[in-house]
2 protein chains.
Amino acid sequence: MIDKLEFILALARERHFGRAAETCGVTQPTLSAGVKQLEEQMGVLLVNRGSRFQGFTPEGQRVLEWARRIVGDSRTMREEINSLRHGLSGRLRLAAIPTALAMVAALTTPYREKHPNVQFTIYSRNSIEVLELLDNLEIDAGITYVENEPLGRVSNVPLYREHYRLLTSADAPLGNRDSVSWAEVAQVPLCLLTPDMQNRRIIDRLLKSAGGESRPTLESDSMILLYSHVRTGRWASVMPAKIADTLGLTDAIRAIPIIQPEAVQTIGLVVPAREPMTPITAALVAEARRVAPQLSG
Amino acid sequence: MIDKLEFILALARERHFGRAAETCGVTQPTLSAGVKQLEEQMGVLLVNRGSRFQGFTPEGQRVLEWARRIVGDSRTMREEINSLRHGLSGRLRLAAIPTALAMVAALTTPYREKHPNVQFTIYSRNSIEVLELLDNLEIDAGITYVENEPLGRVSNVPLYREHYRLLTSADAPLGNRDSVSWAEVAQVPLCLLTPDMQNRRIIDRLLKSAGGESRPTLESDSMILLYSHVRTGRWASVMPAKIADTLGLTDAIRAIPIIQPEAVQTIGLVVPAREPMTPITAALVAEARRVAPQLSG
DNA sequence: ATGGGTTGATAGATATCTTCTATCGATGAT
DNA sequence: ATCATCGATAGAAGATATCTATCAACCCAT
């Protein structure tokens with residue numbers, strides 16, 4: 001039965017019978033039959049079909065909610081029993097927004113020292129995708145903004161606060177300043193993240209409320225790409241202080257605090273709002289609580 | 001998979017492979033094989049066996065906890081989907097302590113008017129058994145004391161407060177009084193519930209703290225039996241005011257308030273502490289919240 | 001000790017269910 | 001009109017599950 005519920009989960013994320021079947025490691029007829037069997041047991045159609053997947057019926061959506069929960073619980077149970085025998089082991093799947101990638105190591109490093117048998121898989125995703133992956137049980141935890149856009153069915157542990165810096169060459173127009181305003185930043189051609197990233201939306205909002213407009217010369221979904229452009233000394237960007245520090249800058253590049261307003265965004269760990277958590281996730285939450293005071297600033 | 005978890009639940013309540021199998025509607029080898037399969041999947045022994053059932057291993061106890069949850073959720077899901085189609089229908093299973101039996105009708109009657117397709121099964125059990133039945137998913141809700149002995153993993157809705165009366169013939173020693181003390185009651189030969197009932201333990205405690213001792217002439221686990229003895233005019237008992245009122249007394253029998261101390265016990269509805277509840281249970285909780293103010297006194 | 005009763009495990013046969021491959025019909029795009 | 005895509009269906013092969021029958025260990029009483 002639980003495996004049929006996994007079919008529903010796969011179908012929800014793939015929205016396609018064939019692909020859903022593939023991710024479940026079965027053929028498409030098998031998945032079709034599984035869904036159909038669920039429908040017979042429930043006595044209701046769960047999926048609207050018309051020669052292709054057309055979403056879930058209202059009943060299907062409720063079953064989907066339950067499936068998330070039941071499948072999640074059954075995995076947590078297995079993990080818990082496993083931990084009782086072999087200590088903490090398995091794989092911790094994590095997704096972080098690009099601007100937070102640099103600080104993930106502050107979490108994984110002490111974690112690994114305590115639990116050397118846990119392996120990590122870490123995805124770089126935008127904040128919406130992080131929540132989707134969490135919903136679909138494809139990751140155990142996410143790292144994203146915790147106080148802006150709605151989070152949904154998760155609980156969170158604040159980790160640190162993001163302060164913004166103008167990264168620019170020392171000999172560029174604003175290069176000699178000790179601080180700049182958002183209004184001034186709005187005048188500079190910038191390299192920014194793509195608009196699907198919440199960081200970009202935050203910066204757009206700040207620029208707009210300072211009377212400016214966001215007209216980035218260059219967009220990318222990769223911080224590495226933005227950073228490598230800035231390093232040439234010919235481009236400028238707005239980045240969180242923490243990532244600028246981590247990446248390290250040449251002498252010729254300056255990271256100038258942006259004030260007026262002094263904008264701050266909290267980044268935190270998000271985990272499914274369900275008790276109990278898997279032991280692997282619980283240990284990550286504990287670690288997050290431990291390191292948060294050291295990171296904050 | 002879920003059906004195997006049901007085997008674990010059945011085994012926990014029956015503590016016997018054969019009987020557990022029977023309640024699951026399978027043969028004993030089938031249940032044995034199911035448990036064994038779970039053990040193989042988990043990689044741990046779940047049940048201590050030595051030619052007979054000897055309880056669960058620590059891992060087995062964890063699996064049992066998860067099984068309660070997962071099986072409960074899967075039933076709730078089915079019920080919820082069913083309610084979406086057919087409105088509220090199915091069976092509401094309830095257990096109440098004997099002293100509360102008389103007031104169950106105050107709950108079931110308005111419930112039935114709103115949801116005529118729901119059928120009821122109502123057990124009379126002691127307070128400990130009520131909680132066990134709840135744990136084992138054998139009932140949807142219980143009615144018992146909510147503030148004395150520990151309740152465990154349940155949430156509760158207070159329903160009314162139990163006040164005690166001495167039921168005795170008008171021409172018996174204390175029969176002409178308007179109120180009596182617990183110390184006085186302790187001198188009277190009483191008909192009381194058996195000591196496995198929390199009501200009896202409460203009364204024993206009250207008698208003892210008034211310097212008396214509990215030496216009931218007659219014990220029974222049935223309120224009907226106690227009541228029928230009192231009605232003869234030759235026996236006395238201590239009962240909650242509510243049940244005395246409901247049963248109705250002859251002219252010759254008086255229900256005398258017992259004061260010093262004026263002892264009060266809260267009775268409430270208890271349901272599994274898990275969200276969401278089955279629609280049938282949720283409706284009962286709503287009903288309980290509605291009628292509680294009218295009952296309290 | 002010993003025999004009867006009880007308990008859970010095991011063996012083997014049968015039935016059921018599951019999953020696969022192959023193919024079809026419907027739909028939508030070009 | 002043609003082609004490609006998608007999900008449903010049919011049929012066969014394989015895997016599982018469940019049953020009956022029986023066994024071995026154990027408990028208890030004599």
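What you see is a predicted model, and the numbers here were worked out from it, not measured in a lab.

S.K.: Run through the side chain of Gln265 of chain B, naming residues and quoting values.
M.R.: All names here are of chain B. Along the chain, Gln265 turns up in strand E12 (residues 264–272). With a relative accessible area of 10%, Gln265 lands in the buried category. With sequence-adjacent residues up to four places away left out, Gln265 is seen in contact with Tyr145, Glu147, Asn148, Tyr160, Arg161, Glu162, Tyr164 and Ile202.

S.K.: An account of the environment of Val35 of chain A is needed here, citing residue identities and associated values.
M.R.: All names here are of chain A. Relative to the helices and strands, Val35 is located in helix H3 (residues 28–42). Considering only alpha carbons, one finds Val35 and Leu46, 11 residues apart in sequence, at a separation of 8.0 Å. Among all residues touching Val35, those that are not within four sequence positions of it are Phe7, Leu11, Val47 and Arg49.

S.K.: Just give me the short version of the interface of chain B and chain A, but keep the residues and values in it.
M.R.: It is common to give the size of an interface as the accessible area that goes away when the parts come together. In this assembly, 25 residues from chain B lie in contact with 25 residues from chain A. Both sides of the chain B and chain A interface together cover about 2500 Å² of buried area, and 67% of this is carbon and sulfur. The tally of links between chain B and chain A comes to four salt bridges. With a shortest N-O distance of 2.3 Å, Arg62 of chain B and Glu80 of chain A are connected by a salt bridge. Listing elements by their share of the side of chain B that touches chain A, those giving two or more residues are helix H1 (2–14), helix H3 (28–42) and helix H4 (58–86) of chain B. The element contributing the most residues to the side of chain B that touches chain A is H4 of chain B, with 15 residues. Counted by class, the side of chain B that touches chain A contains 12 nonpolar, four polar and nine charged residues.

S.K.: Let's hear about unusual backbone geometry: which residues, and what values?
M.R.: Within the chain, Arg15 of chain A stands out as a residue other than glycine whose phi angle is a positive 50 degrees. Tracing the backbone through its elements, the reader meets Arg15 of chain A in the loop between helix H1 (2–14) and helix H2 (17–24).

S.K.: Give me the lowdown on the confidence of the model for chain A, citing residues and values where you can.
M.R.: Here chain A averages 86 in pLDDT, and 99% of its residues register 70 or above. Within chain A, strand E5 (residues 141–145) of chain A carries the highest mean pLDDT (92), whereas strand E9 (residues 218–220) of chain A carries the lowest (79).

S.K.: Explain a negative patch on the surface to me, using residue names and the numbers behind them.
M.R.: A surface patch of like charges, here negative, comprises Glu129, Glu132, Asp196 and Asp221 of chain A. The exposure class assigned to Asp221 of chain A is partly exposed, which follows from its relative accessible area of 48%.

S.K.: Account for the pattern of salt bridges, with residues named and values stated.
M.R.: Residues and elements named next belong to chain B. Summed over the entire model, instances satisfying the criterion amount to 32 salt bridges over all chains. The partner of Glu287 in a salt bridge is Lys114, with the nearest N and O atoms 2.6 Å apart. Of this pair, Glu287 sits in helix H11 (residues 279–295) while Lys114 sits in helix H5 (residues 101–114), and the two are 173 residues apart along the sequence. On the accessibility criterion, Glu287 (3% relative accessible area) is buried.

Conventions adopted
- Within each chain, residue numbers correspond to sequence positions counted from 1 in written order.
- Following the order in which they are written, the chains are lettered starting with A and the ligands numbered starting with 1.
- Reporting of local features is limited, given that this is a predicted model, to residues whose pLDDT is at least 70; pairs of side-chain atoms are given and counted only at 80 or more, and all residues count toward the totals for whole chains, interfaces and linings.
- To obtain the side-chain values, all non-hydrogen atoms of the structure were included, while hydrogens and water were left out.
- Working definition: helices are DSSP H or I runs of at least four residues, strands are E runs of at least two. Numbering for both runs from the N terminus.
- Each residue is assigned to one of three classes by its accessible area relative to the maximum for its type, calculated with a 1.4 Å probe on protein chains only: buried under 20%, partly exposed between the two thresholds, exposed over 50%.
- Only heavy atoms matter for contacts: two residues are in contact if any of them lie within 4.5 Å across the pair.
- As a working definition, buried area equals the accessible area (1.4 Å probe) given up by two parts on being put together, with both sides summed.
- By definition here, a salt bridge exists when the distance from a side-chain nitrogen of Lys or Arg to a carboxyl oxygen of Asp or Glu is within 4 Å.
- Under this grouping Gly is polar, as are all residues other than the nonpolar Ala, Val, Leu, Ile, Met, Phe, Trp, Tyr, Cys and Pro and the charged Asp, Glu, Lys and Arg.
- Confidence of the predictor in every single residue is expressed as pLDDT, which spans 0 to 100.
- For patch detection, residues must exceed 30% relative accessible area and be free of salt bridges, and they are connected within 9 Å for like charges or within 5 Å for nonpolar side chains (Val, Leu, Ile, Met, Phe, Trp, Tyr).
- To measure how exposed things are, a 1.4 Å probe is used in the Shrake-Rupley method; for residues, cover is taken only from the protein chains shown.
- Here the positive residues are Lys and Arg and the negative ones are Asp and Glu; neither His nor the chain ends is included.
- Note on charges: their place is set at NZ of Lys, CZ of Arg, CG of Asp or CD of Glu.

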